[in-house]
Amino acid sequence: MDDALDLLDVLMGSRLLARAERLGREEKLKNLPKLKKAAGRVAKAVEVLLDTAPATTEGEVVSVLAAWEAIEKVVPRAKLAEALATIAECVPDRDGDEDAEWRAALASRYGTVRGFIRLLVDTVDFGAVQAGAPVVKALKQLPHLVGRRKVAATEVDQALVTGSWRRLVFANPEVEPGCVEKAAYSFCVLEHLHRALRRRDVFARGGDRWGDAGQAADR
């Protein structure tokens, strides 16, 4: 059991997470020039809007059409729409976070862990304190999900899917509505497991290095 969890620790910590984080940083750097250009266009449009008086000197309210005419003299509407789309793509949404890029890169490595998931569940008898119990439950369900073509959103632990994982798991445009992206969900659970093992919220019953820290203290 300890050997299996040592392998998981190396696989997640050194091989997958570190590589994914590096790819995430590279993706951010690659997007920086186009994000800067898009932000500049939006800034010009907003500057024109702020400089546009709400009414003329005769007291007539300035129409939306007139405001758009002033903006389009600086930034064409199509270019502004393109800039907004770029910002939406590069900047985390309200469910996003700074981990979005590397988590997307991590999900692309699904083939590395797909066969390991069942082996892990079959080999290790996981226990948990209260904080880690949902992680163990979700992990034990994974082997029943990974072999299927479709997995409904109602079949997964949605409480574990937080931050940028939400978009990757529930909003993948290539996945049928109401279903989840299995690779992203699997890695979401494995990330929780990796962290919970290191905190000893999850442990291996009968394990030594990865065993129950509370029992070890009692001994």
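Refer to the structure presented above.
This is a predicted model, so every value here is computed, not measured. (Residues numbered from 1 in each chain as written. Predicted model: local features only at pLDDT ≥ 70, side-chain atom pairs only at ≥ 80, totals over all residues. Heavy atoms only, no water.)

In this section: helix H5 (residues 110-123). Counted at 1.5 Å a residue, the expected span for H5 with its 14 residues is 20 Å, and the 20 Å between its end C-alpha atoms agrees. For H5, the full list of buried residues reads Tyr110, Val113, Phe116, Ile117, Leu120 and Val121. (Helix = DSSP H or I, 4+ residues; strand = E, 2+ residues; numbered from the N terminus. Expected span 1.5 Å × (residues − 1). Buried < 20%, exposed > 50% of the residue type's maximum accessible area, 1.4 Å probe, protein only.)

This brings us to the nonpolar core. Within soluble globular proteins, side chains that are nonpolar tend to cluster in buried spots. The biggest cluster of nonpolar side chains holds 45 residues, and the ones touching the most others in it are Leu5, Leu120, Phe126, Leu139, Trp165, Tyr185 and Leu193. Elements with a contribution of two residues or more to this core: helix H1 (2-51), helix H4 (100-107), H5, helix H6 (133-146), helix H7 (164-170), helix H8 (182-199) and strand S2 (202-204). Ranked by the residues each element gives to this core, the list is headed by H8, at ten residues. Those residues in contact with Leu5, other than ones at most four positions away along the chain, are Leu120, Val124, Phe126, Leu197, Ala204 and Trp210. Listed in part, the eight residues of the second largest apolar core include Ala38, Ala45, Val48 and Leu80. (Core = buried A, V, L, I, M, F, W, Y, C linked by side-chain atoms within 4.5 Å. Contact = heavy atoms within 4.5 Å.)

Moving on: unusual backbone geometry. Positioned with a positive phi, Arg200 is a non-glycine residue whose angle comes to about 65 degrees. Relative to the helices and strands, Arg200 is located in the loop between H8 and S2. Arg200 sits in the partly exposed class, given a relative accessible area of 27%.

At a minimum axis separation of 11 Å, H5 and H8 run at an interaxial angle of 60 degrees. The pairing of H5 with H8 is recorded here as oblique in orientation. Here H5 runs over H8; the crossing is left-handed. Only Lys182, Ala183, Ser186, Phe187, Leu190 and Leu193 of H8 make contact with H5, whose side of the interface consists of Tyr110, Val113, Ile117 and Leu120. Of the residues contributing to the contact of H5 with H8, the split by class is eight nonpolar, one polar and one charged. (Axes fitted to C-alpha atoms, helices over the stretch in contact; angles between N-to-C directions. Parallel < 35°, antiparallel > 145°, perpendicular 65-115°, else oblique. Left-handed = near helix turned anticlockwise from the far one by under 90°. Nonpolar A, V, L, I, M, F, W, Y, C, P; charged D, E, K, R; others polar.)

With that out of the way, let us pick up the pattern of salt bridges. Per the counting criterion, the structure on display carries nine salt bridges. Residue Arg195 is joined to Glu191 by a salt bridge in which the shortest nitrogen-to-oxygen separation is 2.7 Å. A residue pair is termed a helical-turn pair when its members lie 3 or 4 positions apart in one helix, as Arg195 and Glu191 do in helix H8 at four residues. Using a relative accessible area of 43% as the deciding quantity, one classes Arg195 as partly exposed. Note that Arg199 is salt-bridged to Asp201, the shortest N-O span being 2.9 Å. Overlapping salt bridges, with partners in common, bring together Asp3, Asp6 and Arg209 in one network. (Salt bridge = Lys/Arg side-chain N within 4 Å of Asp/Glu carboxyl O.)

This part is about the side chain of Arg41. Looking at the secondary structure, you find Arg41 in helix H1. Under the relative-accessibility criterion, Arg41 is labelled buried at 18%. Excluding residues within four positions of it along the chain, Arg41 makes contact with Val75, Lys79, Leu80, Glu82 and Ala83.

What sets the pattern is the α-helix's 3.6 residues per turn: residues three or four places apart point alike. The terminal C-alpha atoms of H6, which comprises 14 residues, lie 21 Å apart, in line with the 20 Å expected from a rise of 1.5 Å per residue. Within the span of H6, buried status applies to Val135, Val136, Ala138, Leu139, Leu142, Pro143, Leu145 and Val146. Considering only its buried residues, H6 is in contact with H5, strand S1 (126-128), H8 and S2.

Now for the side chain of Ser186. Relative to the helices and strands, Ser186 is located in helix H8. Its relative accessible area of 1% is what places Ser186 among the buried residues. A polar contact is formed between the side chain of Ser186 and the backbone oxygen of Lys182, at a distance of 2.8 Å. Residue contacts for Ser186: discarding those within four places in its chain leaves Tyr110, Ile117, Leu142 and Val146. (Polar contact = N/O pair within 3.5 Å; in protein donor to acceptor, adjacent residues only side chain to side chain.)

We now examine the packing of H6 against H8. Where H6 contacts H8, the axes come no closer than 10 Å and their chain directions differ by 150 degrees. As the angle between them shows, H6 and H8 are arranged roughly antiparallel. In this structure, the crossing between H6 and H8 has a hand that is left-handed. Between H6 and H8, the residues in contact are Val135, Ala138, Leu139, Leu142, Leu145 and Val146 and Lys182, Tyr185, Ser186, Val189, Leu190, His192 and Leu193, respectively. Residue classes in the contact of H6 with H8 are distributed as ten nonpolar, two polar and one charged.

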